[in-house]
Amino acid sequence: SGQNRNIQEATFGFNQTMWKDARYGALNFMGQYSYLTRRPWSVAAGQPADANLHMLFFNLRYTLPGSAPAMK
């Protein structure tokens, strides 16, 4: 049951800038939803043929002010 025959995943997300200032940086709120399906090559008798999982991720990110170093 450890060998995977098929794995499929669908995912979507968003990235929203909540606050931004040139002197103080920026604050972003991000979210992601994923749906995963797994089918093994062999399954024990009486067990389900596949498994699925819903995943939800949230992220709050602070970006420091400033710009990238200049190229020489």
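Throughout what follows, the structure given in this document is the object of discussion. For clarity, every value in this text was computed on a predicted model and none was experimentally measured. (Residues numbered from 1 in each chain as written. Predicted model: local features only at pLDDT ≥ 70, side-chain atom pairs only at ≥ 80, totals over all residues. Heavy atoms only, no water.)

## With respect to the sheet that holds strand S1 (residues 4-21)
Consideration 1: Pairing within the open sheet is antiparallel, and its 3 strands lie in the order S1-S2-S3. The open sheet terminates on both sides in strands that have one partner only, identified here as S1 and strand S3 (51-63). On average, adjacent strands in this sheet sit at an angle of 10 degrees to one another, irrespective of strand direction.
Consideration 2: In this sheet, S3 lies alongside strand S2 (residues 25-40) in antiparallel orientation, the contact comprising 13 bridges. The residue bridging Thr37 from the neighbouring strand is Asn52, located in S3. (Pairing = 2+ DSSP bridges. Helix = DSSP H or I, 4+ residues; strand = E, 2+ residues; numbered from the N terminus. Axes fitted to C-alpha atoms, helices over the stretch in contact; angles between N-to-C directions.)

## Description of the pattern of salt bridges
Consideration 1: If you walk through the whole model with that rule in mind, you get 1 salt bridge.
Consideration 2: Among the ionic pairs, Asp50 bridges to Arg39, the shortest N-O distance being 3.5 Å. Within this pair, whereas Asp50 is found in the loop between S2 and S3, its partner Arg39 is found in strand S2, the two being separated by 11 residues in sequence.
Consideration 3: We classify Asp50 as partly exposed; its relative accessible area is 33%.
Consideration 4: Relative accessible area serves as the criterion here: at 40%, Arg39 is assigned to the partly exposed category. (Salt bridge = Lys/Arg side-chain N within 4 Å of Asp/Glu carboxyl O. Buried < 20%, exposed > 50% of the residue type's maximum accessible area, 1.4 Å probe, protein only.)

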